[in-house]
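# Examination of the molecular architecture
The chain contents come next:
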2 protein chains.
Amino acid sequence: MNLILLSPDDIENHHLARVREPRRLAHLREVHRARSGDVMTLGIENGALGRGALLSLDDREAVFDIAGLDQAPPPPLPVHLVLALPRPRMLARTLEHVTALGVKALTLLNTRRVEKSYWQSPELSEAKIRRHLVLGLEQARDTRMPSVTLAKGFRPFVEDTLPGLLVGRQGLLAHPGMPDDCPRGIDRETLLVVGPEGGFIPWEVERLLEAGCRGIHLGPRILRVETAVTALLARLF
Amino acid sequence: MNLILLSPDDIENHHLARVREPRRLAHLREVHRARSGDVMTLGIENGALGRGALLSLDDREAVFDIAGLDQAPPPPLPVHLVLALPRPRMLARTLEHVTALGVKALTLLNTRRVEKSYWQSPELSEAKIRRHLVLGLEQARDTRMPSVTLAKGFRPFVEDTLPGLLVGRQGLLAHPGMPDDCPRGIDRETLLVVGPEGGFIPWEVERLLEAGCRGIHLGPRILRVETAVTALLARLF
């Protein structure tokens, strides 16, 4: 953990934060091995970050001095990522990777080759998703919480939601065999669409291209979704 | 699996390969759900790849028609990756990621912040490492087996091995806070050095810079090693 993320509920006033949630208290003790007096990197969810002291830690609460938090979080990536729902374990890791890399908007999309059982996974609960987002933010020393949306129907997403998302954004569809190389080092607002293991079916590719996405590829190698997403984000931005 | 990788021992002649190893036979049945007559993407370790039929499959052996394998594997990345030994589970995943991305030379390096216990892990056995390399090759439809070297002493590596590796290669040290942005889209032969969770200690950074490496960074975000390695390779090449 490179940062302790404080939630809005923890903030008592401009000087003090109190963490009372048992899970996070245990985490502070067991993972951070925190002791009162420690000066740690702290951040307020969707707010500032900086160094601050742990004033006290007992079984009931941890009290932090947050008067010195005056740094802005690192800049986000200008991307809305649309990702075919990965299998649960890969979802967990991918949420952490993309959050650490600076993605702030993520849509998890149903496609033909997403197994139906993935939508029943406990990993999709709000609490579990939030947990992985927090881990990603803590890893990257970021405070801005990504928003994650579930799109359980491909057709409604493409017909009703995608046109709005493409206003003011270029759409890029990453899919093996597409004509263009993945662009490098862009700073345009972008919507990036990444398919499931096994890829989009041709009908889905056609719908995404028709909706205005441009097809791009990462070369002849077929990558696992988690590798591909990190590689795409690192190359694009 | 996007390719079945045949080892040199499996090759009977220019037309036939026989797989007799029980583990891989089980894998063919259970993971590939292969049946005789299936036409599959096959590759010969360090050789050609293409489509070929599974002629027969029983408890004893699988026989493949390899007469039609005439494609070259995808181009490798022009990089020798020097990676501080990650913790065992991350090592396993990182071996697969970097192999899928096209790394052909990997040195696992001891540094101050590598826990000593990692060097005792069964994940470092030749068989386990090879297993992850094969998975990476099968994922990316590649046949060229990477070479993996263990460097259990930092100082001997930097003093005795590194100078030779830097002949004909630029050395890049990826480390937070280094002055230069990670270059993009290069095709020069490169030695890329990546530290452990927690980073290199200052003395190690100095030795690597003195040896001729240039310090580069990926921005203000602190990434896990597996995310950072994929991001560096995708941005560099």
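Residues numbered from 1 in each chain as written. Chains lettered and ligands numbered in written order. Predicted model: local features only at pLDDT ≥ 70, side-chain atom pairs only at ≥ 80, totals over all residues. Heavy atoms only, no water.

## Some details on unusual backbone geometry
In plain terms, the rule: Helix and strand assignments follow DSSP, with helices taken as H or I runs no shorter than four residues and strands as E runs no shorter than two, numbered in order from the N terminus.
Positive phi outside glycine occurs at Arg33(A), with the angle close to 50°. Along the chain, Arg33(A) falls in the loop between α1 (22-30) and β3 (39-44). Located in the positive-phi region is Asn46(B), a residue other than glycine, with phi close to 60°. Within the secondary structure, Asn46(B) is located in the loop between β3 (39-44) and β4 (49-57).

## Some words on the interface of chain B and chain A
What counts is decided by this rule: Any two residues whose heavy atoms approach within 4.5 Å at even a single point are treated as in contact. By buried area we mean the combined loss of accessible area, with a 1.4 Å probe, across both parts when two parts are placed together. Any carboxyl oxygen of Asp or Glu within 4 Å of a side-chain nitrogen of Lys or Arg constitutes a salt bridge here.
With 30 residues of chain B at the interface, the matching set in chain A holds 30 residues. Counting the surface chain B buries against chain A, the share from its top three residues, Gln139(B), Arg221(B) and Ile222(B), is 27%. Here chain B and chain A share 4 salt bridges between them. Between Asp142(A) and Arg221(B) there is a salt bridge, with its nearest N and O atoms 3.0 Å apart.

## Details of the domain arrangement of chain A
Residue and element names in this part refer to chain A. In plain terms, the rule: Domain delimitation in this document rests on an assignment produced automatically or drawn from a domain database. Residues adjacent in sequence count toward polar contacts only when both atoms are side-chain atoms; beyond that, a polar contact is any pair of N or O atoms within 3.5 Å, and within protein one must be able to donate a hydrogen and the other to accept it.
Taken as a whole, chain A is organised into domain 1 (4-65) and domain 2 (79-236). The centre of domain 1, based on its C-alpha atoms, is set 32 Å off from the matching centre of domain 2. Between domain 1 and domain 2, a total of about 860 Å² is buried, with carbon and sulfur atoms accounting for 52% of that surface. Looking only at domain 1, the three residues that lose the most surface to domain 2 are Leu5, Glu45 and Asn46, adding up to 50% of its buried area. The interface formed by domain 1 and domain 2 holds 1 salt bridge in total. Two residues, Arg130 and Glu45, come together in a salt bridge whose shortest N-O distance is 2.7 Å. On inspection of domain 1 and its partner domain 2, the count reaches 4 residue pairs in polar contact (both at pLDDT 80 or more). Among the secondary structure elements, those contributing two or more residues to the side of domain 1 that touches domain 2 are β1 (4-6), α1 and β3. By residue number, the principal contributor to the side of domain 1 that touches domain 2 is β3, which donates 3 residues.

## Some thoughts on the sheet that holds strand β8 (residues 147-151) of chain B
Residue and element names in this part refer to chain B. The test is simple: Two strands make a pair as long as DSSP finds a minimum of two bridges between them. Between the N-to-C directions of two axes lies an angle of 0 to 180 degrees, each axis being a line fitted to C-alpha atoms and, for a helix, fitted only over the stretch in contact.
One open sheet holds the 7 strands; their spatial order is β8-β7-β6-β11-β9-β12-β10, and the pairing between them is parallel. Since the sheet does not close on itself, it has two edges, and those belong to β8 and β10 (180-181), each with one partner. As paired strands, strand β7 (residues 105-109) and β8 are joined by 5 bridges and run parallel to one another. Note that in β8 the partner of Thr107 across the bridge is Thr149. Against the sheet, helix α4 (residues 154-165) makes contact with β6 (79-84), β7, β8 and β11 (190-194), and its axis sits at roughly 160° relative to β7, the strand it touches most. Across the sheet, helix α6 (residues 225-236) is in contact with β6, β9 (170-174), β11 and β12 (213-217); its angle to β11 comes to roughly 160°.

## Regarding the packing of helix α2 (residues 88-101) of chain B against helix α3 (residues 126-140) of chain B
Residue and element names in this part refer to chain B. The cut-off we apply is this: In these notes the angle categories are as follows: under 35 degrees is roughly parallel, over 145 is roughly antiparallel, 65 to 115 is roughly perpendicular, and the rest is oblique. Handedness of a crossing follows from how the near helix is turned relative to the far one, being left-handed for an anticlockwise turn of less than a right angle and right-handed for a clockwise one. Charged means Asp, Glu, Lys or Arg here, nonpolar means Ala, Val, Leu, Ile, Met, Phe, Trp, Tyr, Cys or Pro, and polar covers whatever is left, Gly included.
α3 packs onto α2 with a crossing angle of 40° between their chain directions and a minimal axis gap of 7 Å. Classified by the angle their axes make, α2 and α3 are oblique. The element α2 and its partner α3 pack so that their crossing is right-handed. Across from Ala92, Leu95, Glu96, Thr99 and Ala100 in α2, the residues of α3 making contact are Ile129, His132, Leu133, Leu135, Gly136, Leu137, Gln139 and Ala140. Considered class by class, the residues forming the contact of α2 with α3 number 8 nonpolar, 4 polar and 1 charged.

## Quick look at the relation of the copies chain B and chain A
Inclusion rule: Our superposition of the copies is a least-squares fit, built on the C-alpha atoms of residues whose pLDDT is at least 70 in both.
If you rotate chain B by 180° and push it 0.0 Å along the axis, it lands on chain A with an RMSD of 0.0 Å. What we have between these two chains is a two-fold relation. Minimal C-alpha distance to the rotation axis in chain B is attained by Arg235(B), lying at 2.3 Å.

## Remarks on helix α4 (residues 154-165) of chain A
All names here are of chain A. Put simply, the rule reads: Think of it in three bands: with a 1.4 Å probe and only protein chains considered, a residue is buried below 20% of the maximum accessible area for its type, exposed above 50%, and partly exposed in between. Here, the arc refers to the directions that run from the helix axis to the C-beta atoms.
Every buried residue of α4 is listed here: Phe154, Phe157, Val158, Leu162 and Leu165. Down the axis of α4, the smallest arc covering the buried residues is 90°, so these residues share one side. Tucked into the core, α4 has its buried residues touching β6 (79-84), β7 (105-109), β8 (147-151), β11 (190-194) and α5 (202-210).

## Considerations on the environment of Arg221(A)
Counting through the fold element by element, Arg221(A) comes out in the loop between β12 (213-217) and α6 (225-236). A C-alpha to C-alpha distance of 40 Å links Arg221(A) and Gln71(A), two positions 150 residues apart in sequence. Residue contacts for Arg221(A): discarding those within four places in its chain leaves Pro74(B), Pro75(B), Pro76(B), Thr99(B), Ala100(B), Leu101(B), Gly102(B), Lys104(B), Ala140(B) and Asp142(B). Of the polar contacts made by the side chain of Arg221(A), one reaches the backbone oxygen of Ala100(B); its length is 3.3 Å. Polar side-chain contacts of Arg221(A) include one of 3.0 Å to the side chain of Asp142(B).

## Let's talk about the state of the cysteines
Structurally, a disulfide amounts to a covalent bond that connects the sulfur atoms of two cysteines. Residue and element names in this part refer to chain A. Test applied: A pair of cysteine sulfur atoms is labelled a disulfide when the two atoms are within 2.5 Å.
Applying the stated criterion to the full structure yields 0 disulfides over all chains. Between Cys213, a cysteine without a disulfide, and Cys182, which holds the nearest cysteine sulfur, the sulfur-to-sulfur distance is 14 Å. In this structure Cys213 comes out as buried when scored by relative accessible area, which is 7%.

## As for the packing of aromatic side chains
Residues and elements named next belong to chain A. Put simply, the rule is: A pair of Phe, Tyr and Trp rings is counted when the ring centres sit within 6.5 Å of each other, with Trp represented by its six-membered ring. The angle between the planes then sorts it: under 30 degrees is stacked, over 60 is edge-to-face, the rest tilted.
According to the stated counting rule, one finds 4 aromatic pairs over all chains in the structure shown. Measuring from centroid to centroid gives 5.9 Å for Phe154 and Trp203, while their planes differ by 55°, and the two rings are tilted. Pair noted here: Phe154 is in helix α4 and Trp203 is in helix α5, with a separation of 49 residues, a long-range link. With a relative accessible area of 7%, Phe154 lands in the buried category. Of the residues examined, Trp203 reaches a relative accessible area of 34% and is grouped as partly exposed.

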